Each structure stands twice: as structure tokens, then as C-alpha cells.
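# Observations on chain architecture
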Amino acid sequence: MSFEVIKAGVLDTLQDLGRFGYQHLGINPGGAMDRHALQLANALVGNALGEAVLEMHFPAAAFLVQCPALIALAGADFDAQLNGDPIPHLQPVYLRKNDLLQFHYPRRGARAYMAVAGGFAASEWLGSKSTHLLCQRGGFKGRALQAGDILGTKTAAPADPGRNFLPWHATAPVQKTVFSILKGPEWNCITDTAMYHLLQDAFVITRQSDRMGYRLLHDPLPCHAQDEMVSSAVDFGTIQLLPDGKLIILMADHQTTGGYPRIGHVTASDLPSLAQCQPGDAIQFSLTDTTTARNRWKQQQHDLRLLQNACTFRLNQ
Amino acid sequence: MGGTEPMSFKISTLGENGLLVQFGNEVNETLNDKVQSLQQLLTDHPLPGTIDLVPAYSSLAVYFDPAYTAGSGTDTAAAELEKFTRALTTASIAASRFISIPVCYEPAQATDLLAVSRATGLTVEEVIAIHSAPVYRVYMMGFLPGFAYMGPLDARIRLPRKSKPARVPAGSIAIAANQTGIYPFSSPGGWHTIGRTPLRLFDADAEEPCSLRSGDQVKFEPISPEEYKNMLQS
């Protein structure tokens, strides 16, 4: 067993790329908010890209290391320190018994990800290790980490490299403020004026924002009079228009279906950056097409695989 | 039911990784039959790259593995989906299951029962009789794991959703607009609670975690507070 939680964070859960195949039963897929950071952290320690990782919000947990472990941190930078000394972000770090891992300050971003070489010991529910808090299954006992928990790893750490950090790192992704969207099935619900404002104005993420969705603050967007929509499928990134003319962007813990017009969808390659936005941040939208969106995602995944190959190669040396 | 007929539907994208088949925008048995048929067909003969199906009242979404989508797989899938939908007959729906749900219709178990009685101008006994008379179709699952949307609801007990959602205990039977449902979990909810079932409708560790699924025929059977307590303990 590797990590003893000596101080709980506000919301630290094990997540992978989500639980699929059960949405017809209303079982929402969940998974990591920032799927790019999840894969990046895994690549750096030589894991399969979709291995379960620890997703942390700030304030994050503090850990006492009980067994050696090779980790990497990606996503938000919470000013990680080992025994009081800063450790790098996006670079593999070797932890030894009795090391104290703490996160001091939310420098940048909203969700930090920690991968451990070999993967965390996590319980699988319906094919996924993502934590489903409502059903209390998956991840670490189906819940967030609490003080006293011992978070284990599936395998022993690689041999001690004789130094604290391994000499390779990934480049931090650029944080976006303009997010590409695709038109949703109810795009034509909003008036031409509303479309103009949607693509020109700034939208502020309110405090009523969490893993389920981000509520936005802005002038109400006018829409055409229409019949109320009956419930239909919604996805991570779906932008709904609420009855008061305000928008909500559904995030990782979205419900499977919703009854509000789906104006658009944030693209998969932009969702990781959106997942790092905080209440108070102002964002904008720009319209794109499916081909461009797919190509961007393909490029992101291609780069992740290159990184994974390079790291795995070096780890095996 | 059964036989081919000109199929009216629309297929659109739902983000980069989804395709949405829409038969309409209403709570309607015929449209829902089409959704269930298509769900059956796509479950028995999955399109390549499919990772999830989300049937709803009058629509069905198919989600694909992003790796498949990025290879422009959904363009092929859209064409296949169109072919399947066009050829759909409602004769292929599996026979529905009949499920009886015991319900304790008591103000102690259901905070909105008296309010519903007042709002509809009916006595509590009338509300109970009207609600528990029909056999309801489960149109779809959504909102929460194991939450079954059922209907149609008798016009005499139709009320709009609450403007302010309240905390709803697990097992609550509730109504709103043309629908009725059961909350498998305690949750904030905007529907009016009129009863509570002692049954556990969601068991995470069961082979089939949800007791209900779309297509089920559900009848609510009133039980006494004593029966409710006894069934809870067993």
C-alpha cells in the first residue's frame, strides 16, 4: 500500500475515462473532468493512457508515502511539495517511504491529476474504475478520500532511480479562453441575435458550477417560442439553454438525459481546458465543424501516444 | 402494432461522438414504440464503435468511441443508422414485463400528497385511486440511475413541476405534468411526492442493478403504513 491520507481534500476521487454501456438505465458515465491531463499523467509514468488516476480539487489531500512510488502530476498546478520542497509538474517524481506530499497553493487550474506507475488499486463497477458518488461504487470504496484512508497501488514501484525526478517532462497545455462548439440539435431555437451574442460575448462561470455542470452568467439569450422539449440524451460538453435564457455547460457528472434545448456542444479537444476553468473565469465560444473538431482530437491523441511511447521507452532502460 | 409504415425521423449529430435519431418531441406511445424497437435492434446488432445507447421518450442517441469517431466512423454509422431506422418495424419489441410496485400513500411518507389534493380539488382518496388505477408504461430511464419515467398520467392529477425543487427521499413516488416516476435515491426533485415504496429499485451489486427498464408495464398497489414498515424490514 502506498499512500496514507493524513489530511482529506475537498474532493479527491479516483477517475478514469468514464463508465459506458449503462446510460439506458440512467447510470451516468462520470469519469475525469480533464481527460487530457489524466492521459498525460499516465503517459509520464508509463501507464496505459486510460488507467485510473486521482483527481483532486483544491484544497487537496496531504499524503504520507508508505511505500516507494513513481508518480506524475498533470492538470492544475497546486504547488506540490515533497517534504517541504517543490516538486515539478508534468514530470515523473520518485516518492520514498515517509515522504510527505502536500499541495500548497492553487496556482493554476481547478483539477489536478496524479498518476502512479502501475496504477492505483481501485474497485471496478460496471467496467469502470471511475467513482460514482451517488451509487457509492467504483474507485476508492465508491467515495472521496478521507483522512486515514490508505490508497494502494496495483504493482510495486520501479527500482529507485537514485534521484527524485526522472529527466523528462511534458509541456503544459495552453489554457484556452475561447472554446470551440458544434451546433446542437436545438441550435435553431435561439434567435439570430442570440446566435450573434453567443459567439461574441463573454460568459462568466458562476459559483454554481461543479463536476455536474457550469452555470454561466450573461444577458439572457432570446429564443423562439417553442413547445417544451421532452427529455432526450445529453453529453459531457452539451450546452443547454435554461428557461431563464441562461446557459449551462454539462460536465463530467452530467445526467444521461435532459429536457432543455441543446444549443451546442463544446468539442472534446477543448473540454480539458474548460475543466480547468474556475468560477469567476470569463469564457467565449466560437463555432466549428465536426471535421475540424475530430482532427484536433486526433492530433491531441497522437501527441499523447508519442509521449507515452517515449516515456515507456525511457522507463524500460 | 407491427408492419412497416413510412417512418418519419431525423438523424443529427450530438457532439462529435454521438448520433441522435428523433422520431418527434412528445410523450406518445407510438413514437416510444419506435424508440424501443430501434434500441432492441441496435442492441442485437450494434453499429461498429458503439459504446452506449440512450433511448428517451421519442428519441435515441448512439454514442461512439472517440477513436472510432475520429476515423470518421460516424459518417458511415449515420448512413447505417438511417438504413436501420427506415427498415424498422415495431413488431420486434420484446414482450413487456409486468411489474407491481407496492406504495404507501400517506402524508407521513409523501410530503406533497395533501398539497396535490388541494391543488387538484380532489380528496386524498381520489388522488390515490386515480394514480393507482392504470398500468403505466416505462417510457425511458434517466435523470438518476434507475429513475423510470412513466405515463401517461390521468388529466385530473396533472400539475406542473414545482418551481423550487425540494429534497425527495429514496423510494418516493412522484408526479409532474403528464408523468409519474419513482426516485431510487434521495435527491433534489421538482416532482410532487404522493407516496413511497418500500422496494429497493436500485441495487448496485445486482446482476441487473435497476429493477425497472424502458418498456416495463407498471402498476402501483396501495399498501398500509404497517405493510410498508414490514416490507422495509424484510
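Going by the structure above, here's the rest.
Notes on the structure follow. Treat the numbers as computed from the prediction; the structure is a model and nothing was measured.

### Here's the deal with the sheet that holds strand β6 (residues 80–82) of chain A
Residues and elements named next belong to chain A.
- Read from one edge of the open sheet, 6 strands run β7-β6-β9-β4-β1-β11, paired in antiparallel fashion. This sheet does not close on itself; its edge strands, each paired only once, are β7 (85–86) and β11 (150–151).
- Inspection of the sheet shows β6 paired to β7 by 2 bridges, in the antiparallel sense. Within β7, the residue paired with Q81 across the bridge is P86.

### Description of the interface of chain A and chain B
- Across the boundary between the two partners, chain A contributes 39 residues, which contact 47 residues of chain B.
- At the boundary of chain A with chain B, total buried surface from both sides reaches about 3400 Å², with 57% on carbon and sulfur atoms.
- At the junction of chain A and chain B, the tally comes to 3 salt bridges.
- A salt bridge links R161 of chain B to E228 of chain A; its shortest N-O distance comes to 3.7 Å.
- The interface formed by chain A and chain B holds 14 residue pairs in polar contact (both at pLDDT 80 or more) in total.
- Going through the elements one at a time, β15 (232–233), β19 (262–266) and α4 (290–315) of chain A are the ones with two or more residues in the side of chain A that touches chain B.
- At 4 residues, α4 of chain A tops the list of elements feeding residues into the side of chain A that touches chain B.
- Tallied by class, residues from the side of chain A that touches chain B come to 17 nonpolar, 13 polar and 9 charged.

### Some points on the sheet that holds strand β20 (residues 282–287) of chain A
Residue and element names in this part refer to chain A.
- Reading around the circumference, β12-β19-β16-β17-β14-β13-β20 is the order of the 7 strands in this closed barrel, with mixed pairing throughout. Within the sheet, the average angular offset between the axes of one strand and its neighbour, ignoring direction, is 40 degrees.
- Pairing analysis gives 3 bridges linking strand β16 (residues 238–241) to strand β17 (residues 247–250), with the strands arranged antiparallel. Opposite L241, over in β17, you have L247 as the bridge partner.
- In the packing of helix α2 (residues 192–200) onto the sheet, the strands contacted are β12 (178–183), β13 (203–209), β17, β19 and β20, and the crossing angle to β20 comes to about 120 degrees.

Here is what the cut-offs are and how they apply
- Residues numbered from 1 in each chain as written.
- Chains lettered and ligands numbered in written order.
- Predicted model: local features only at pLDDT ≥ 70, side-chain atom pairs only at ≥ 80, totals over all residues.
- Heavy atoms only, no water.
- Pairing = 2+ DSSP bridges.
- Helix = DSSP H or I, 4+ residues; strand = E, 2+ residues; numbered from the N terminus.
- Contact = heavy atoms within 4.5 Å.
- Buried area = accessible area lost by both parts, 1.4 Å probe.
- Salt bridge = Lys/Arg side-chain N within 4 Å of Asp/Glu carboxyl O.
- Polar contact = N/O pair within 3.5 Å; in protein donor to acceptor, adjacent residues only side chain to side chain.
- Nonpolar A, V, L, I, M, F, W, Y, C, P; charged D, E, K, R; others polar.
- Axes fitted to C-alpha atoms, helices over the stretch in contact; angles between N-to-C directions.

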